[in-house]
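Listed below are the residues making up each chain.
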Amino acid sequence: MNYRLETGTAIARSLATFMGFFDLVSYNAVSNHNNRTFGLVLAIIPLPLSVVRDELPFFNEDAHHPALSISLSLLERAKGSCRSDAGAANYNFKLALSSVSWDPVYNSQEVEIAVEKFYKILYMCLNANVLVVSQYKHSKYPPWFSRDIVSDQMLENRLSRKRSYSRYHEEQFKLVRSRVKAKIARAYSSYVRSVEERVGCDLREFWKYVNNKRFSHPNEEFIKHNDRIYKGANTANAFADLFSSNASAMDAEPLVDSGRIAGQTPCDPFSLTYFSREDVVDAIKLLNSRATGGPDKIPAFVVKGCWEFLCGPLHYIFNLCIRKSEFPGVWKCSRVTPVFKSGNRSFASNYTPIAILNVFAKIFERILYKRIFLYVQPKIVQSQHGFLPDRSTVTNLLEFVDKVSRVWDVGGRVDEIYKDFSKAFDTFDNGILLDRME
């Protein structure tokens, strides 16, 4: 460190005491613009570890906290490791991506082949430079349950099956049950207090608590659909049957002959010939870093953090799709999750599908939306407030109140009619839409 912790503030002295008690050694000597070291890299035993300034940070760094690159040489391969020795020494994914060659992608003249080679190179860098961790499994217990409470609850369940054996088993069951109830009450009170104390600085934790209270219920063991009961893994078949039946068939005949619609006027043709590199970069930077990945398991923060290396091959693939009038099959796939709306949770009809797309499909869709919106915007009436930037239900309400107020000021009368179409997007005839677009 550039200063002595023992002579610093109270927090610095506490840190020095903590390091001395556990025999911790600091390895970070990278200073910021004030010649101070803020990032702590501590280890209990001497290790072949080096800490240097990272020249390719994932996110923008501030002047006080420079990005660090930490290298640790493993002398011995861990037992059960699934990685090769060549990839064990370096896990800098962004550095590896900066030196990769995308020539196999640029030399491909078919969309599917180019996308396949793109993913092959990307997965190769990920597998060689990103540590694999076990997948997190959501607990069936509330967040305030500790291991001790879960252990006692399992003991309570075992004793409940033996409580009829004798009076002794009955007394043991009552004792453990009262102990579990007391622990749960104390843990819940402590959890609520911690949420209340952090509500001003940790809103995510607050809404996690609210949602847990709103939707805390035992998991449904069955789903009903079309007078059938689906259990276990077969519940996915119920949702698949429901969601697929909601959408209109793409090859269905249109209900209306759009060429014979009365009053139809010809419009300017829409053409799409090229995506610029700036279009791709802007679309990547607009991604939500917290968005989860689609079926390809590539999260948005990885693409957003490595945009300078991925925009080149993506720019080539997108324009190849336009020239070939073809969209990659892998980007047509999505991960569909049923989300409960209202009513009885046992009925599949009370759920709505949410499709999670691949990040690269979202980027293409965002660029395409921008082009189409510029073409359609002059044709949209001024009274439209839905699905438009800088407009919402609030602006719609303000405009409506203004019109009603002006009518009332002159002694007029206002009649209102509200309509809400059930499953409007699911039941819309795609044949009409496609015919009009042609």
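Above this text sits the structure in question.
Residues numbered from 1 in each chain as written. Predicted model: local features only at pLDDT ≥ 70, side-chain atom pairs only at ≥ 80, totals over all residues. Heavy atoms only, no water.

Novice: Go over helix H12 (residues 307-324), please, and point to the residues and values.
Specialist: Taking 1.5 Å of rise per residue, the 18 residues of H12 would be expected to cover 26 Å, and the 25 Å separating its terminal C-alpha atoms lies within 8% of that figure. Along its length, H12 shows its largest kink, about 25°, at Pro313. With 14 of 18 residues buried, H12 is to be regarded as a mostly interior element. Of the residues trailing H12, Ser325 is marked for its positive phi of about 50°. (Helix = DSSP H or I, 4+ residues; strand = E, 2+ residues; numbered from the N terminus. Expected span 1.5 Å × (residues − 1). Bend = angle between axes of the 7 residues up to and from the residue. Buried < 20%, exposed > 50% of the residue type's maximum accessible area, 1.4 Å probe, protein only.)

Novice: Go over the pairing of strand E5 (residues 222-225), please, and point to the residues and values.
Specialist: Of the two faces of E5, only the one carrying Ile223 and His225 is buried; Phe222 and Lys224 on the other face are not. Where E5 and strand E6 (residues 228-231) come together, 4 bridges link them in antiparallel fashion. Each bridged residue has a counterpart across the sheet, and for Ile223 the counterpart in E6 is Tyr230. As consecutive antiparallel partners, E5 and E6 are separated by 2 residues, and within that stretch Asn226 has a phi angle of approximately 55°, a positive value. (Pairing = 2+ DSSP bridges.)

Novice: Pulling in residues and values, what's your account of unusual backbone geometry?
Specialist: The backbone phi angle of Asn226 is positive, close to 55°, even though this residue is not glycine. Relative to the helices and strands, Asn226 resides in the loop between E5 and E6. With a relative accessible area of 55%, Asn226 lands in the exposed category.

Novice: Outline the pattern of salt bridges, supporting the account with residue identities and numerical values.
Specialist: The tally for this structure, following the rule as stated, stands at 10 salt bridges. Here Arg413 and Asp415 are joined by a salt bridge, their closest N and O atoms 3.2 Å apart. As far as burial versus exposure is concerned, Arg413 and Asp415 are alike and both exposed. (Salt bridge = Lys/Arg side-chain N within 4 Å of Asp/Glu carboxyl O.)

Novice: Describe helix H5 (residues 111-129), with residues and values.
Specialist: Relative to the 27 Å expected for 19 residues at 1.5 Å per residue, H5 spans 27 Å between its end C-alpha atoms, a close match to the ideal helical length. Among all positions of H5, only Val111, Ala114, Val115, Phe118, Tyr119, Ile121, Leu122, Cys125, Leu126 and Asn129 are buried. Down the axis of H5, the buried set is contained in an arc of 160°. They therefore lie on one face. When the buried face of H5 is taken as reference, the exposed residues oriented beyond 90 degrees from it are Glu116, Lys120, Met124 and Asn127. At its buried positions, H5 is contacted by helix H3 (93-98), helix H4 (103-106), H12 and helix H13 (359-376). (Arc of directions from axis to C-beta. Contact = heavy atoms within 4.5 Å.)

Novice: Mind laying out the packing of aromatic side chains, listing which residues take part and the relevant values?
Specialist: Each pair of aromatic rings is reported with the distance of its centres and the angle of its planes. In total, this model carries 19 aromatic pairs according to the counting rule given. In this structure an aromatic cluster arises from ring pairing among Trp102, Phe118, Tyr119, Tyr123, Phe275, Phe318, Phe327, Trp331, Phe360 and Phe364. The aromatic ring of Trp307 is capped on one face by Lys285, whose charged end is 4.5 Å from the ring centroid. (Phe/Tyr/Trp six-rings, centres within 6.5 Å; stacked < 30°, edge-to-face > 60°. Lys NZ or Arg CZ within 6 Å of the ring centre and 35° of its normal.)

Novice: Explain the packing of helix H10 (residues 277-285) against H12 to me, using residue names and the numbers behind them.
Specialist: Packing of H10 against H12 brings their axes to within 9 Å, and their N-to-C directions diverge by 125°. On the basis of the axis angle, H10 is oblique to H12. Our pair here, H10 against H12, has a crossing hand that is right-handed. Of the residues in H12, those touching H10 at Arg277, Val280, Val281, Ile284 and Lys285 are Trp307, Glu308, Cys311, Gly312, Leu314, His315 and Phe318. Its residues assigned to classes, the contact of H10 with H12 shows 7 nonpolar, 2 polar and 3 charged. (Axes fitted to C-alpha atoms, helices over the stretch in contact; angles between N-to-C directions. Parallel < 35°, antiparallel > 145°, perpendicular 65-115°, else oblique. Left-handed = near helix turned anticlockwise from the far one by under 90°. Nonpolar A, V, L, I, M, F, W, Y, C, P; charged D, E, K, R; others polar.)

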